[in-house]
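Each chain, letter by letter, is given below.
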Amino acid sequence: MLSASRILTRAAPRVAFNASRSFATKFTPAHEYCKMDGNIATIGVTDFAAAALGDIVFVDLPEVGDDFDKGDSFGSVESVKAASDVYAPVGGTVVEINDVLSDEPGTINTAAETEGWFIKVEMSDASDADELMDEAAYAKHCEESS
């Protein structure tokens, strides 16, 4: 006679981790980043950009539902030093904005690539990211820019 645990083990379907799911961070030469999780891209400016801008005092973000093509300006940041447009590294539809930045734009200075993200986009074409730099290429780009 089979034990109950052996019956349950045989009856329960095995769920395999989807190893093909894409988790990657890519960068633009203008210092925007794009963290991809499946077809959702979290977009913001890099630590390098935040340091170059200085103390950020205002962020202008789009609305959920807005569509952007790769390379379109989707918002801006203002600091005590300068104002700068922010460009979409990939095209798609905005599915979420980081509301924290409205009240606490300085989050970008302290955590640009984590809590300081700007928008999340459902990518219209994942191949938009193919031309972006990986971490090693971006690090080299930053060294050459300094």
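Residues numbered from 1 in each chain as written. Predicted model: local features only at pLDDT ≥ 70, side-chain atom pairs only at ≥ 80, totals over all residues. Heavy atoms only, no water.

Caption draft 1: The arrangement of the overall build of the protein chain in detail. Within the protein chain, the regular secondary structure consists of five helices and nine strands. Starting at the N terminus, the α and β elements of the protein chain follow one another as α-β-β-β-α-β-β-β-β-β-α-α-β-α. When the 146 residues of the protein chain are sorted by exposure, 38% land in the buried category. Contacts in the protein chain between residues at least 24 apart in sequence constitute 61% of all its contacts with a sequence separation of at least 6. Only carbon and sulfur atoms are counted for the fraction: they give 51% of the accessible area of the protein chain, which is about 8600 Å². (Helix = DSSP H or I, 4+ residues; strand = E, 2+ residues; numbered from the N terminus. Buried < 20%, exposed > 50% of the residue type's maximum accessible area, 1.4 Å probe, protein only. Contact = heavy atoms within 4.5 Å. Areas by Shrake-Rupley, 256 points an atom, 1.4 Å probe, with all protein chains shown as cover.)

Caption draft 2: Highlighting the pairing of strand β7 (residues 83–87). Both strand β6 (residues 73–79) and β7 contribute to a ladder of five bridges, which runs antiparallel. If you follow Val77 over to β7, its bridge partner there is Ser84. Hairpin remark: β6 followed by β7, antiparallel, with three residues in the connecting loop. (Pairing = 2+ DSSP bridges.)

Caption draft 3: Geometry of the environment of Tyr33. Tracing the backbone shows Tyr33 in strand β2 (residues 32–37). You can call Tyr33 buried: its relative accessible area is 0%. It is 9.7 Å that separates the C-alpha atoms of Tyr33 and Ala112, two residues lying 79 residues apart in sequence. A polar contact of 3.0 Å, which involves the side chain of Tyr33, links it to the backbone oxygen of Ala112. (Polar contact = N/O pair within 3.5 Å; in protein donor to acceptor, adjacent residues only side chain to side chain.)

Caption draft 4: Quick look at the side chain of Thr42. Summarising the element assignment, Thr42 is placed in strand β3 (residues 40–45). Thr42 has contacts with Tyr33, Cys34, Lys35, Trp117, Ile119 and Lys120, leaving out every residue within four places of it along the chain.

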